[in-house]
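This is what each chain is made of:
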Amino acid sequence: MRKLSRIIGLLQVDSTIGDLSGNSSRLEILASIAKANGALMGITTELAVSGYPPRDLLLQPDFVRMSQQQASSLAVEIPVLVGTPVVPDGERKLPGNGVVRAGPLSSHPSGDQTNRIVTRKQLLPSYDVFDETRYFQASNRSGICRTIGGLDLGVTICEDAWQAAGLTPSTYGSDPIENLAEWGRQGVDLDATVNLSASPYHADKVSTRIQVCRTAAKILGHPFLLANQVGGNDDLLFDGCSLAAWPDGSVVIAPSWQEGVLLVDIDDSSNCQWIKSTASDALSIGNSQLKFLSPQDDGHEESSDLIEDITDAVVTGLADYCRKSNISKIVLGLSGGIDSAAAACIAAAAVGPENVLAISMPSRFSSQHSIDDARYTAQSLGIDFKIESIDELHSTLDGQIGVMLSEGHSVAAENVQSRLRGMIVMAYANSQGRMAIATGNKSELAQGYCTLYGDMAGGYSPLGDLYKMQVYAICEEFNSRAKAVNQAPPVNSSTLTKPPSAELAPDQKDEDTLPPYSVLDEILRLHIEQSMDAEQMVEKGHDRETVLEVLTRLERNEHKRWQMSPAPRVSSRAFGQGWRRPLASNHDWRN
């Protein structure tokens, strides 16, 4: 590689919400890496010091003040633009989502203090998972930072760049990219524009960001650089994939699911580097390859690449949830079915197989092959495995309340078994200091095929935003990864091919009461993610009665989803923050 010239380091950080000191340390490590590799300056992600999204922590004035002070006092040897909440700029105003300038005094032409506020976010999203107008005051001034590391930069924050690409759900009253372009037409010469971002992940989201950055670079006539947060915070995932775009359409993209520095030579798109963080607990999942896109490449991922990415995403979600919550060990029920096998694979990858306990809990209705399949998965993954039969507990309950159950709905007796299993899993969790994880998928959660206080018991639901057919796909992905390193595939052919069943009654199968999962998944996807109503789906060829049954069950089971544990978001609309349906409602899909 030739000698680096005008280099900007994009600090792709995995911030923990509220950990001001810890986040600062991570940023200082990344800034040191950037400096050691020739960067003139660094750019953090949005609200990097506080972590994104801090939610109601922002309602505490001392949290905002401490965040800004911490950002301003970073111990870095190059100038860095740091994303942080900033104190209100007037009475009866909310804080700003801002950027401060930290680093050596020599970075300022006047030699003044380094902690001044450079800019505040102008466009505040309040849709999908965003609620920024609740917390922040919007700015009406474009951000320009002069003579930082010898460069003059335009400065934007996440949503500020999306209006120009036409990718916001409604039109804002201003366009920060167009405003910066107008400054350029009036003679303000900028070397590049940067964007401090915390853009949440969903499958193929990176192609949308490519469009945002290419549009901005073309309008501005200079390179546009976006530093994106990486890692998981509660149910939101951030894939990283920081990127830079040039006016000719060339794009460089950092790896996903890794913490590190993207070194961008703003004069030569081919002269960029990725360097992983040296922090002992740095997120590092998947490969470390940079992507270089020609102007003709739109960056859309093929279906096989999407499954690989989604697999890394759910592993990241669980891994970061555990690390940031000081959880080291996991327990789950392992039934021999596809969902619990997938959850076991994710858990082993997230916290290490030595920290995972799987429990098979057979009943009078369980098949021997289910027990054998569960044992196979546990042994292949190298996780601990126990068998705890629920027969005796089930018989005791039958003796006490069996008459009552026999006179009621058959589902009540079936749910007793699920709740006995949940009790056993939670007993192990409490006794051994483990977190229980739930194993339900999005299709089942949508239809209510899950039991409150039973299989829904757990602190995290790693499959909660995966449709059933996606669960099969990630099991195949885990098998491929095992084979690639000469290990036994963790999900055997029996688990992959047997008809899905809860095994709560004799000869029970899911499709006795549900449409085939390939059909169910598509109906749910069209309604949840594309907001299609029943008539639109019928027009696309789906059976009317089936559609109405699916939508009615979806509506009827909202109370269960209000009580589900956090699930990592991998789709464009997941149950959780982006799904705000009323609980006590009466909507009839037949009308």
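Up top you'll find the structure we're talking about.
Here is what the cut-offs are and how they apply
- Residues numbered from 1 in each chain as written.
- Predicted model: local features only at pLDDT ≥ 70, side-chain atom pairs only at ≥ 80, totals over all residues.
- Heavy atoms only, no water.
- Helix = DSSP H or I, 4+ residues; strand = E, 2+ residues; numbered from the N terminus.
- Lys, Arg positive; Asp, Glu negative; His and termini not counted.
- Charge placed at Lys NZ, Arg CZ, Asp CG, Glu CD.
- Salt bridge = Lys/Arg side-chain N within 4 Å of Asp/Glu carboxyl O.
- Buried < 20%, exposed > 50% of the residue type's maximum accessible area, 1.4 Å probe, protein only.
- Pairing = 2+ DSSP bridges.
- Axes fitted to C-alpha atoms, helices over the stretch in contact; angles between N-to-C directions.
- Parallel < 35°, antiparallel > 145°, perpendicular 65-115°, else oblique.
- Left-handed = near helix turned anticlockwise from the far one by under 90°.
- Contact = heavy atoms within 4.5 Å.
- Nonpolar A, V, L, I, M, F, W, Y, C, P; charged D, E, K, R; others polar.
- Phe/Tyr/Trp six-rings, centres within 6.5 Å; stacked < 30°, edge-to-face > 60°.
- Polar contact = N/O pair within 3.5 Å; in protein donor to acceptor, adjacent residues only side chain to side chain.
- Expected span 1.5 Å × (residues − 1).
- Bend = angle between axes of the 7 residues up to and from the residue.

Trainee: I tried to follow the overall build of the chain on my own but got confused; where do I start?
Mentor: Counting its secondary structure elements, the chain contains 16 helices and 20 strands. Principal-axis analysis of the C-alpha atoms gives the chain an extent of 85 × 55 × 50 Å. The average position of the 50 basic charges and that of the 73 acidic charges among the side chains of the chain differ by 4 Å.

Trainee: Would you take a moment to explain the pattern of salt bridges for this structure?
Mentor: Side chains bearing opposite charge may pair, as long as their charged atoms lie close to each other. Tallying each qualifying case throughout the model produces 33 salt bridges. Close ionic contact of Arg6 with Asp267 constitutes a salt bridge, the shortest N to O distance being 2.8 Å. You can see Arg6 sitting in the segment before strand S1 (7–12) and its partner Asp267 sitting in the loop between strand S14 (260–265) and strand S15 (273–276), a full 261 residues away along the chain. Owing to a relative accessible area of 29%, Arg6 belongs among the partly exposed residues under this scheme. For Lys498, the salt bridge goes to Asp373, with nearest N and O atoms at 2.7 Å. Residue Lys498 is found in the loop between helix H12 (493–497) and helix H13 (517–528), and its partner Asp373 is found in helix H7 (residues 368–381); the two are separated by 125 residues along the sequence. Neither Lys498 nor Asp373 differs from the other in exposure class; each is buried. Salt bridges sharing partners connect three or more residues here, namely Asp14, Arg26, Glu259, Asp281, Asp320, Arg323 and Lys324.

Trainee: Could you clarify how one ought to interpret the sheet that holds S15 in this entry?
Mentor: Strand order across the open sheet formed by seven strands is S5-S4-S3-S2-S1-S14-S15, with mixed pairing between neighbours. Each edge of the sheet is formed by a strand with only one pairing partner; in this case those strands are strand S5 (117–120) and S15. Neighbour-to-neighbour, the strand axes of this sheet turn through a mean angle of 30°, independent of strand direction. As paired strands, S14 and S15 are joined by four bridges and run antiparallel to one another.

Trainee: Help me understand the packing of helix H5 (residues 303–324) against helix H6 (residues 338–351), please; the structure alone is not making it clear to me.
Mentor: Taken N-terminus to C-terminus, the directions of H5 and H6 make an angle of 55°; their axes are 8 Å apart at the nearest point. The angle between the axes of H5 and H6 places the two elements in the oblique class. The handedness of the crossing between H5 and H6 comes out as right-handed. Across from Val314, Val315, Leu318, Ala319 and Cys322 in H5, the residues of H6 making contact are Ile346, Ala347, Ala349, Ala350 and Val351. For the contact of H5 with H6, a count of residues per class yields ten nonpolar, no polar and no charged.

Trainee: Can you help me understand the packing of aromatic side chains in this one?
Mentor: The relative placement of two aromatic rings is captured by the distance of their centres and the angle of their planes. Throughout the structure, instances matching the rule amount to five aromatic pairs. Here the aromatic rings of Tyr52 and Phe238 are separated by 6.2 Å at their centres, their planes lie at 90°, and the arrangement is edge-to-face. Pair noted here: Tyr52 is in the loop between strand S2 (41–43) and helix H2 (61–72) and Phe238 is in strand S11 (residues 236–239), with a separation of 186 residues, a long-range link. Judged by relative accessible area, Tyr52 falls into the buried class, the value being 5%. A centroid spacing of 5.5 Å and a plane angle of 70° characterise the contact between Tyr127 and Phe130, whose relative ring orientation is edge-to-face. Judged by its relative accessible area of 26%, Tyr127 is partly exposed. Given a relative accessible area of 11%, Phe130 falls into the buried group.

Trainee: Explain the environment of Asp265 here, please?
Mentor: With respect to the helices and strands, the residue Asp265 is situated in strand S14. Linking Asp265 and Ile7, residues 258 residues apart in sequence, is a C-alpha distance of 4.5 Å. Only 2.9 Å separates the side chain of Asp265 from the side chain of Asn271, close enough to count as a polar contact.

Trainee: Quick question: what am I supposed to make of helix H4 (residues 205–220) here?
Mentor: Turn by turn, an α-helix covers 3.6 residues, leaving residues three or four places apart pointing in a common direction. Over its 16 residues, H4 runs 23 Å from end to end, which matches the ideal 22 Å to within 8%, given 1.5 Å per residue. What H4 keeps buried is the set Lys205, Val206, Ser207, Arg209, Ile210, Val212, Cys213, Arg214, Ala216, Ala217 and Leu220. At the C-terminal side of H4, Gly221 shows a positive phi close to 75°.

Trainee: Please clarify how the sheet that holds strand S18 (residues 356–360) should be interpreted in this entry.
Mentor: Working definition: the strands of a sheet are paired by backbone hydrogen bonds and lie parallel or antiparallel to each other. Strand order in the open sheet made by the four strands is S19-S18-S17-S20, with parallel pairing throughout. Both outer strands of the open sheet, strand S19 (384–387) and strand S20 (435–436), are each paired with one neighbouring strand and no more. Both strand S17 (residues 330–333) and S18 contribute to a ladder of four bridges, which runs parallel. Across the sheet, Ile330 pairs through a bridge with Val356, a residue of S18. Contacts between H7 and the sheet are confined to S18 and S19, with S19 contributing the most and set at about 160° to the helix. Together, S17, S18, S19 and S20 form the strand contacts of helix H9 (residues 410–432), whose direction differs from that of S17 by roughly 170°.

Trainee: What am I meant to see in helix H8 (residues 391–406) here?
Mentor: Look at H8: only 18 Å from first C-alpha to last across 16 residues, short of the 22 Å you get at 1.5 Å a residue. The sharpest bend along H8 reaches about 70° and sits at Gln400. The inward-facing, buried residues of H8 contact H9.

Trainee: For this particular structure, what's the right way to read the pairing of strand S4 (residues 96–102)?
Mentor: A regular strand places its side chains so that they alternate between the two faces of the sheet. Of all the seven residues making up S4, seven are buried; the element is thus mostly covered by neighbouring parts of the structure. Residues Gly96, Gly98, Val100 and Ala102 point to one face of S4 and Asn97, Val99 and Arg101 to the other, with burial holding for every one of them. As defined by bridge partners, strand S3 (residues 80–86) adjoins S4 across seven bridges and the pair is classed as antiparallel. What sits directly across from Gly83, in S4, is Val99. Examined bridge by bridge, S4 and S5 share three bridges and lie antiparallel to one another. Paired with Val99 across the two strands is Thr119, which belongs to S5.

Trainee: Quick question: what am I supposed to make of unusual backbone geometry here?
Mentor: For residues besides glycine, phi is generally negative; the peptide bonds are generally trans as well. Between Tyr52 and the following residue, Pro53, the backbone shows a cis peptide bond with an omega angle of 0°. The phi angle at Asp204 is positive, at roughly 65°, despite the residue not being glycine. Counting through the fold element by element, Asp204 comes out in the loop between strand S8 (192–197) and H4. A relative accessible area of 17% places Asp204 in the buried class.

Shape is all these values report; function is a separate question.
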